[in-house]
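Here are the chains, one letter per residue:
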Amino acid sequence: MGAFFPLRFDLLLDWFYPPRCRFCKEVILGQDDKCFCESCREKIRVVSHPLCSKCGQPFLDASGEDHLCGGCLIRPPSFLTARAWACYPREEIDMHPLRRIVQQFKYGGRVSLGRPLGRLMARGCYEFFCDLPLDCIVPVPLHPRRLRWRGFNQAVILGREVSRLWGVPMDPFILLRSRETPPQTQLPEGDRRKNVRGAFSLKTEKSVRGKRLLLVDDVYTSGATVKECSRTLIRAGAKAVSVLTLARTVS
Ligand SMILES: [Zn+2]
Ligand SMILES: [Zn+2]
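Residues numbered from 1 in each chain as written. Chains lettered and ligands numbered in written order. Predicted model: local features only at pLDDT ≥ 70, side-chain atom pairs only at ≥ 80, totals over all residues. Heavy atoms only, no water.

**Topic: the coordination of the zinc ion (ligand 2)**
For clarity, the cut-off: Donors, by definition, are the N, O and S atoms found within 2.8 Å of a metal, the threshold being 3.2 Å for Na, K and Ca, and water is not counted, so a site can look incomplete. Square planar and octahedral assignments, for four and six donors respectively, both demand that opposite donors be over 155 degrees apart and that all other angles lie between 65 and 115; tetrahedral needs four donors with all angles between 85 and 135 degrees, and anything else is irregular.
Distances from the zinc ion (ligand 2) to its protein donors, Cys52 (SG), Cys55 (SG), Cys69 (SG) and Cys72 (SG), fall at 2.3 Å. Around the zinc ion (ligand 2) sit four donor atoms, and with donor-metal-donor angles ranging over 106 to 114° the site reads as tetrahedral.

If you want it as C-alpha cells, here you go:
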C-alpha cells in the first residue's frame, strides 16, 4: 500500500498540472523525461557515433568509425574521455532550443530546469559510462564571487542528478576555483586556454590521489575549462579523469 498512494498522487498531479515542454510550454503527457515536447526534441541532436574517441566530438560523416579528431591528435587532452548528451551548431548558438534552455537555467534563474536536464544527461550517457569505474563525481567549480552572484553552481545541480541516478558519490568541494576569470563565452577560441590556466586548485591532494573521477559541467565548447580541471586533478595524483557535459557545440 505504501507504494500505491504516492503513485496515484503522481498521476493526479499530472492530471491537474500536466507537465509542459520546458521550451515551448506544450503539454507533454506520456513522456518519461518530461522536459521537452516531441517537436522540440526533434531539433535537439543527441550525440551519436562516429565521434572522437577522446573528446567525444561527433563527426559529420555518419558512415565512419570512432577515431581521434585533429585537435586531440595535435594536443591530446589529459582526460581519458569526454561525452555529452546532445550538441548544437556553434553558428546557431543563440536560437537553438538547447542553448536557450541552458541560458535560462544558468542566467535566467530557472534553477528548476537543473533536475530534468541532469536526468537527460545521466540517462542518455549511462550506457557509455556504465563500464567505466568511477569513484567520485567532481562538478566544475565556480569562483566564490560568481557563485554568490548567481546563487548556485549549475554543474553541482546537474552532477547531483547524475550522482543520484548512477549511484556514484559527488564531492563539490574537492576542486576549487582559486582565480576569477572572465567568462569563456566572451573570448575567442585561442584565448580560452590562457584564460583558465592555473585557475583551479585542490582542497587537499589526498582527496584525489589514486581516484577515478568524473568531471561534470553544462557545456563543452573549446574544452579549455575541463582540460585545465583535468590537468589539475591528474597532477595531484588522480588515476583517471573523464568528462560528462549536458551539451557540446559542434562546428
Ligand atoms: Zn516544445
Ligand atoms: Zn577529439
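**Quick notes on the state of the cysteines**
Chemically, a disulfide is nothing more than a covalent bond linking the sulfur atoms of two cysteines. We count it as follows: Throughout, a disulfide means two cysteine sulfur atoms within 2.5 Å of one another. Only protein chains enter the calculation, and the probe is 1.4 Å; a residue is then buried if its accessible area is under 20% of its type maximum, exposed if over 50%, and partly exposed in between.
This structure, assessed with the given rule, holds zero disulfides. Here Cys125 stays unpaired: no disulfide links it, and the sulfur of Cys87, its closest cysteine neighbor, is 11 Å away. Its relative accessible area of 4% is what places Cys125 among the buried residues. Take Cys130: it sits in no disulfide, and the sulfur closest to it among the cysteines is that of Cys125, at 11 Å.

**What about the nonpolar core?**
Worth spelling out the cut-off: Residue types Ala, Val, Leu, Ile, Met, Phe, Trp, Tyr and Cys, when buried and joined through side-chain atoms within 4.5 Å, form a set referred to as a nonpolar core. Put simply, DSSP H or I for four residues or longer makes a helix, DSSP E for two residues or longer makes a strand, and each gets a number counted from the N terminus. Segmentation of the chain into domains, including their bounds, is taken from an automatic or database domain assignment.
Formed by 37 residues in total, the largest nonpolar core has its most connected members in Phe36, Trp85, Leu98, Leu117, Trp166 and Leu244. The set of elements that each furnish at least two residues to this core consists of β2 (81-89), α4 (97-107), α5 (114-124), α8 (154-166), β6 (212-220) and β7 (240-250). Tallying contributions element by element places α8 first for this core, with five residues. Two domains each put at least three residues into this core: domain 1 (8-43) and domain 2 (45-250). Counting 28 residues, the second-largest nonpolar core is a separate cluster that includes Cys72, Cys136, Val140 and Cys229.

**Thoughts on the coordination of the zinc ion (ligand 1)**
Around the zinc ion (ligand 1), the donor atoms from the protein are Cys21 (SG), Cys24 (SG), Cys37 (SG) and Cys40 (SG), and they sit 2.3 to 2.4 Å away. Around the zinc ion (ligand 1) sit four donor atoms, and with donor-metal-donor angles ranging over 102 to 118° the site reads as tetrahedral. Mapping the donors of the zinc ion (ligand 1) onto the primary sequence gives the spacing C-x2-C-x12-C-x2-C. The class for Cys37 is buried, based on a relative accessible area of 6%. Look at Cys40 and you get buried, because its relative accessible area is 2%.

Scope: geometric values only; no functional claims are made or implied.
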